[in-house]
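# Survey of secondary and tertiary structure
Below, each chain spelled out in residue letters.
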Amino acid sequence: MFKMGVTHSSRVVQLSENIKVDTDIRDYHLPALRSGFAGYPANPRWDGSKFMTWKMGRQWRNALQIGTVVIRQSDSMLILADDDTTQTEETPPKSFLSRFDLRSQFVRFYAPQSTT
């Protein structure tokens, strides 16, 4: 069975020099995430979970470029564009990663294709 690059404890990590993100991706996969976010090509020696983490970084970069996500000015945190106005101090922030459906992408990537 494949082990996902996701754990249950969420924490803030440095995605790039001036951007942070709240994520529950393992430390082992963070270089792939940062590589994808920076726009570097995937390493052909990576396993599937690192490749999917790299792909997630690419998706975050693309979402930032089209405006789906923004960088919050107060703490340089990468958040969804609509969360910037709806976030209050009483409600805890949801993990940024929980908004992207990594598990379904992982299943689609590794699911065997039928030959019928």
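Residues numbered from 1 in each chain as written. Predicted model: local features only at pLDDT ≥ 70, side-chain atom pairs only at ≥ 80, totals over all residues. Heavy atoms only, no water.

## Quick look at helix 2 (residues 48-66)
The terminal C-alpha atoms of helix 2, which comprises 19 residues, lie 27 Å apart, in line with the 27 Å expected from a rise of 1.5 Å per residue. Among the residues of helix 2, those classed as buried are Gly48, Ser49, Lys50, Met52, Thr53, Trp54, Met56, Gly57, Trp60, Ala63 and Leu64. Backbone geometry just downstream of helix 2 places Gly67 in the positive-phi region, at approximately 95°. (Helix = DSSP H or I, 4+ residues; strand = E, 2+ residues; numbered from the N terminus. Expected span 1.5 Å × (residues − 1). Buried < 20%, exposed > 50% of the residue type's maximum accessible area, 1.4 Å probe, protein only.)

## A few points about the environment of Ile79
Note on placement: Ile79 falls in strand 4 (residues 77-80). Ile79 gets classed as buried once you look at its relative accessible area, which sits at 9%. Spatially, the C-alpha atom of Ile79 lies 5.4 Å from that of Val69, the residues being 10 residues apart in sequence.

Taken by themselves, the reported measurements are silent on function.
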